[in-house]
Amino acid sequence: MAITIFLSLLSGFSIISGLVTEGIKKLVTDQANLPYNIIALITALIVGSGGTAVFYLFNAIPFTFHNIICMILMGFASGLASMVGFDKVKQGIEQLSKPDADNEK
């Protein structure tokens, strides 16, 4: 897989994973006991691996052992990208909306 295709797919999958994770968090009512990073990782594994499988199908790439390993690794990579990006963006928005709380600490 070329690096440009990999980065394009990774960007798209991490955005989709972050949005799906946010949707799951909004739907679930028991928000106190949910491990959000685990939910984000599971969602990203499904989105990344499934999305790569769809990419392989549309481009007539055979499902070999190496390609299946790439699908799984794409799931982990999109999980890492979506978790890091979502947490940092959320933390930044909270800090911008409440600048006085940071100065008091």
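Here we summarise the structure given alongside this text. (Residues numbered from 1 in each chain as written. Predicted model: local features only at pLDDT ≥ 70, side-chain atom pairs only at ≥ 80, totals over all residues. Heavy atoms only, no water.)

1. Regarding the packing of helix H1 (residues 3-27) against helix H2 (residues 36-58)
Consideration 1: Interaxial distance between H1 and H2 falls to 8 Å at its minimum, and their mutual angle equals 135°. The angle between the axes of H1 and H2 places the two elements in the oblique class. Considering only the axes of H1 and H2, their crossing is right-handed. Note on element contacts: H2 touches H1 through Tyr-36, Ile-39, Ala-40, Thr-43, Ala-44, Val-47, Gly-48, Gly-51, Thr-52 and Phe-55, opposite Ile-5, Leu-9, Phe-13, Ile-16, Ser-17, Val-20, Thr-21, Ile-24 and Lys-25.
Consideration 2: By residue class, the composition of the contact of H1 with H2 is 12 nonpolar, six polar and one charged. (Axes fitted to C-alpha atoms, helices over the stretch in contact; angles between N-to-C directions. Helix = DSSP H or I, 4+ residues; strand = E, 2+ residues; numbered from the N terminus. Parallel < 35°, antiparallel > 145°, perpendicular 65-115°, else oblique. Left-handed = near helix turned anticlockwise from the far one by under 90°. Contact = heavy atoms within 4.5 Å. Nonpolar A, V, L, I, M, F, W, Y, C, P; charged D, E, K, R; others polar.)

2. Observations regarding H1
Consideration 1: The end-to-end C-alpha distance of H1 is 36 Å, a good match for the 36 Å that 25 residues give at a rise of 1.5 Å each.
Consideration 2: Looking at H1, one finds that the buried residues are Leu-9, Leu-10, Phe-13, Ser-14, Ser-17, Gly-18, Thr-21 and Lys-25. (Expected span 1.5 Å × (residues − 1). Buried < 20%, exposed > 50% of the residue type's maximum accessible area, 1.4 Å probe, protein only.)

3. Observations concerning unusual backbone geometry
Consideration 1: One non-glycine residue, Ala-60, adopts positive backbone phi at about 55°.
Consideration 2: If you trace the backbone, Ala-60 turns up in the loop between H2 and helix H3 (65-97).

4. A short note on the nonpolar core
Nonpolar side chains in soluble globular proteins generally cluster together in the buried interior.
Consideration 1: Judged by nonpolar contacts, Leu-9, Leu-10, Phe-13, Val-47 and Met-74 together constitute the single largest core of five residues.
Consideration 2: At three residues, H1 tops the list of elements feeding residues into this core.
Consideration 3: Sequence-distant contacts of Val-47, that is, excluding residues within four places in its chain, are made with Phe-13, Ile-16 and Ser-17. (Core = buried A, V, L, I, M, F, W, Y, C linked by side-chain atoms within 4.5 Å.)

5. Section: the packing of aromatic side chains
Consideration 1: Counted by the stated rule, this structure contains two aromatic pairs.
Consideration 2: Their ring planes at 50° and their centres at 6.2 Å tell us that Phe-55 and Tyr-56 sit as a pair that is tilted.
Consideration 3: The buried category is assigned to Tyr-56, whose relative accessible area is 2%.
Consideration 4: Taking the centre distance of 6.1 Å and the plane angle of 75° together, the rings of Tyr-56 and Phe-63 count as edge-to-face.
Consideration 5: Counting every residue linked through ring pairs, the aromatic cluster contains Phe-55, Tyr-56 and Phe-63. (Phe/Tyr/Trp six-rings, centres within 6.5 Å; stacked < 30°, edge-to-face > 60°.)

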